[in-house]
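# Geometric and topological summary
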Amino acid sequence: MSSEIHKYIETSLEKKQNLFNASVINFPSDKKLNKTDILNINTHDFWNIDDESNKDQLKAVTGICFMLGVLVIIGLYSNLV
């Protein structure tokens, strides 16, 4: 029993010693951002749903809008009649 406690104490001391011997990492200096570059907006970076690669998303959005429109019309018709 005492040998197990002795091993535990040794391992905990080794861990503490390793913690004290740790070195500090030198991070690179932060780049300074030019405020005028931040304000310039590139219009080519905007996402467009009509793109060739977004056909499935365009169909999904069109279907959802169509279903909501149909449900609104049916709801209005059922309230009026």
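Residues numbered from 1 in each chain as written. Predicted model: local features only at pLDDT ≥ 70, side-chain atom pairs only at ≥ 80, totals over all residues. Heavy atoms only, no water.

### Some thoughts on the confidence of the model for the protein chain
Stated precisely, the cut-off is as follows: Scored from 0 to 100, pLDDT reflects the predictor's confidence in each residue. Strands here mean DSSP runs of E at least two residues long; helices mean DSSP runs of H or I at least four residues long; both are numbered from the N terminus.
This prediction gives the protein chain a mean pLDDT of 76; 56% of its residues lie at or above 70. In the model of the protein chain, helix α2 (residues 35–39) stands out as the element of lowest mean pLDDT, 62, in contrast to helix α3 (residues 55–80), which has the highest, 94.

### Structural notes on the environment of K59
This is how the line gets drawn: Exposed residues in this analysis have more than 50% of their type's maximum accessible area, buried residues have under 20%, and partly exposed residues fall in between, with area computed by a 1.4 Å probe over protein chains only.
Tracing the sequence through the fold places K59 in helix α3. By relative accessible area, which is 65% here, K59 ends up exposed. Residues K59 and I49 lie 10 residues apart in sequence; the distance between their C-alpha atoms is 9.8 Å.

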